Amino acid sequence: MKNSERYLIAFNQIDKYLNNELSRNGSYVGFSQAVNKVAQHNHIVKRFKDDLLEFAVLRNAIVHERTDPEYVIAEPHNSTVEKIEKVLSELTEPKKVIPTFSQEVKSFKISDSLADVLNMIKYTHYSQFPVYEEDEFKGLLTANGITNWLAETVDEDLLSREETTLDQLIDHEEGTENYKFVSRDLTIYEAEDIFKDQVNKEDRIDAVLITHNGKSDESLLGIISAWDIIDIP
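Residues numbered from 1 in each chain as written. Predicted model: local features only at pLDDT ≥ 70, side-chain atom pairs only at ≥ 80, totals over all residues. Heavy atoms only, no water.

Throughout the structure, instances matching the rule amount to eight aromatic pairs. Taking the centre distance of 4.2 Å and the plane angle of 25° together, the rings of Phe11 and Phe31 count as stacked. A residue pair is termed long-range when its members are at least 10 positions apart, and Phe11 in helix α1 (residues 3–22) and Phe31 in helix α2 (residues 31–38) qualify at 20 residues. According to the relative accessible area criterion, Phe11 is buried, its value standing at 3%. With a centroid separation of 4.8 Å and 75° between ring planes, the pair formed by Phe137 and Tyr179 is classed as edge-to-face. With Phe137 in strand β3 (residues 136–142) and Tyr179 in strand β4 (residues 179–183), this residue pair connects regions lying 42 residues apart in the sequence. Within the aromatic cluster, the residues linked to one another by ring pairs are Tyr132, Phe137, Tyr179 and Phe181. A cation over a ring is seen here: Arg47 above Phe48, with NZ or CZ 5.9 Å from the ring centre. (Phe/Tyr/Trp six-rings, centres within 6.5 Å; stacked < 30°, edge-to-face > 60°. Helix = DSSP H or I, 4+ residues; strand = E, 2+ residues; numbered from the N terminus. Buried < 20%, exposed > 50% of the residue type's maximum accessible area, 1.4 Å probe, protein only. Lys NZ or Arg CZ within 6 Å of the ring centre and 35° of its normal.)

The next thing to look at is the nonpolar core. Core analysis: the largest hydrophobic core is formed by 42 residues, its most contacted members being Ile14, Leu18, Phe31, Val45, Leu52, Val97 and Ile224. Sorting the residues of this core by element identifies α1, α2, α3 (43–47), α4 (49–64), α5 (78–92), α6 (97–100), α9 (188–196) and β5 (207–211) as the ones contributing at least two each. Tallying contributions element by element places α1 first for this core, with eight residues. In this structure, Leu18 is in contact with Phe31, Ala34, Val35, Val38 and Val45, ignoring residues within four places of it in sequence. Grouped together as the second largest cluster of nonpolar side chains are twelve residues, Leu114, Val117, Val131 and Ile146 included. (Core = buried A, V, L, I, M, F, W, Y, C linked by side-chain atoms within 4.5 Å. Contact = heavy atoms within 4.5 Å.)

So, about the sheet that holds strand β2 (residues 128–133). Taken in spatial order, the three strands of this open sheet run β1-β2-β3, and their pairing is mixed. The open sheet has two free edges, formed respectively by β1 (108–109) and β3, since each of these has just one partner strand. The pairing of β2 with β3 spans six bridges and is classified as antiparallel. Residue pairing in the sheet places Glu133 in a bridge with Glu136 of β3. (Pairing = 2+ DSSP bridges.)

What follows deals with the confidence of the model for the protein. Averaged over all residues, the pLDDT of the protein equals 89, while 92% of them reach at least 70. The least confident element of the protein, judged by mean pLDDT, is helix α10 (residues 226–230) at 84; the most confident is β5 at 97. (pLDDT = per-residue confidence, 0-100.)

This is how it looks when you write it as structure tokens:
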């Protein structure tokens, strides 16, 4: 199959996907217009918006300049065809936060000590820890929260890391909720936008916590930090 044929097949499938997203009851919307409209609510289309608009330009060159059904003005490069097919795959079968960010999450009990957390940081270099009281989620402890607590207690003569419990630290986090629970079915692009939406806000999210249905009383399946999001290709 020619590259131009592969390209047009992928393009037409994306075109169909976009119009299905608009639910226009059979009323067709042009590709570029559909991209701009769908990008307003679809995180994946928003992520690939510029690529999609460029795809439309090349498609027009291939189709509109034909002098007969067998003739195309140019054959797309292999990398271009692979790119549009990759975007199609992301649209129709997007990567989810699970299994992408599936991992064992290190958590603590509210009665655990600061020394317990510091030892975990020392050996794992993790800096964010969910804290529980029995099965109830109490908050997300971070390195910033620990630093804030140390700054506020700097004038105290004696501070025992073994006797200081996490219930004394958890209220020193910046912002009332520095976390967000999400379900395992969230796409990685929706997770990315959660962090992007926080950039200009005073109370920023430090981590996204993943459970089966996005509820805080469910077992943790993974955790995403802003640094993890940067690594999304």
